[in-house]
Amino acid sequence: NLSLPAASYPLIFSSSLLHHLHEPGALWQVVRTFGTAGTRVFIADLFRPESYEAAKLLVEHAAPDEPEILKQDFLNSLLAAFTQAEVREQLAQTGLSRQLRVDSLTERHMLISGIL
């Protein structure tokens, strides 16, 4: 039931939101509701590593000198993130898989982008 000032937008941009959503379909519904033909979509987020151990190694590699509380928060975010395959399935379920693609940006970030 999101209410925004405009009925549609030429750009939908999100950074580091998806892994916080228990219901990722909410984000894809916003894309479908507020995007029209020609809307550019750019959504960057973390993706979940293959294992807990891989996530721990990634945290130590990316943030070796950070306080433990920030390392734990980063680890929790990695573990809460979706895999790229899960995001592709979400896009398929919401009818967005033909317009949006999922690519790796870094060893821990993915980009979901395209033009509606």
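Treat the numbers as computed from the prediction; the structure is a model and nothing was measured.

Draft legend 1. Structural view of the side chain of Gln90. Turning to its location among the elements, Gln90 is positioned in helix α4 (residues 84-93). Excluding its chain neighbours within four sequence positions, the residues that come into contact with Gln90 are Leu18, Pro24, Trp28 and Phe82.

Draft legend 2. View of the side chain of Lys71. Structurally, the position occupied by Lys71 is in helix α3 (residues 68-80). Here Lys71 falls in the buried class, since its relative accessible area comes to 7%. From its side chain, Lys71 meets the backbone oxygen of Pro64 in a polar contact 3.0 Å long. When near neighbours in sequence (up to four residues on either side) are disregarded, Lys71 contacts Val59, Glu60, Ala63, Pro64 and Glu66.

Draft legend 3. The sheet that holds strand β1 (residues 9-15), seen in detail. Strand order in the open sheet made by the 4 strands is β1-β2-β4-β3, with mixed pairing throughout. The sheet is open, and its two borders are formed by β1 and β3 (100-104), each paired with just one other strand. In this sheet, adjacent strand axes meet at a mean angle of 15° when their direction is disregarded. The pairing of strand β2 (residues 35-46) with strand β4 (residues 109-115) spans 7 bridges and is antiparallel. Counted as the bridge partner of Asp45 is Met110 from β4. Strands in contact with helix α1 (residues 25-34) are β1, β2, β3 and β4; relative to β2, the strand with the most contacts, it is inclined by about 155°.

Draft legend 4. Focus on the pairing of β1. Bridge count for β1 against β2 is 6 bridges, and the pairing is parallel. Residue Ser15 lies in a different strand from β2, and its bridge partner there is Ala44. Remark: the β1/α1/β2 crossover connection has right-handed handedness.

Draft legend 5. Examining the pairing of β4 more closely. Pairing of β3 with β4 involves 5 bridges; the strand directions are antiparallel. Residue Ser104 lies in a different strand from β4, and its bridge partner there is Met110. Remark: 4 residues form the turn of the hairpin made by β3 and β4, two consecutive strands paired antiparallel.

Draft legend 6. Representation of α1 in the model. Taken as a whole, α1 has its buried residues at Leu27, Trp28, Val31 and Phe34. Buried residues in α1, looked at end-on, bunch into an arc of 150°, giving them a common side. As for α1, its buried residues are in contact with β1, β2, α4, β3 and β4.

Draft legend 7. Spatial organisation of the nonpolar core. Counting residues in each nonpolar core, the largest one holds 16 residues, and the members touching the most others are Trp28, Val87, Leu91 and Ile112. Counting residues per element, the ones that place at least two in this core are α1, β2, α4, β3 and β4. With 3 residues, the top contributor of residues to this core is α1. Leaving out residues up to four positions away in the same chain, Val87 has contacts with Leu18, Trp28, Phe82, Val102, Met110 and Ile112. In this structure, Ala55, Leu58, Phe74 and Leu75 belong to the second largest nonpolar core, which totals 8 residues.

What counts, and at which threshold
- Residues numbered from 1 in each chain as written.
- Predicted model: local features only at pLDDT ≥ 70, side-chain atom pairs only at ≥ 80, totals over all residues.
- Heavy atoms only, no water.
- Helix = DSSP H or I, 4+ residues; strand = E, 2+ residues; numbered from the N terminus.
- Contact = heavy atoms within 4.5 Å.
- Buried < 20%, exposed > 50% of the residue type's maximum accessible area, 1.4 Å probe, protein only.
- Polar contact = N/O pair within 3.5 Å; in protein donor to acceptor, adjacent residues only side chain to side chain.
- Pairing = 2+ DSSP bridges.
- Axes fitted to C-alpha atoms, helices over the stretch in contact; angles between N-to-C directions.
- Right-handed = clockwise from strand over helix to strand, strands pointing away.
- Arc of directions from axis to C-beta.
- Core = buried A, V, L, I, M, F, W, Y, C linked by side-chain atoms within 4.5 Å.

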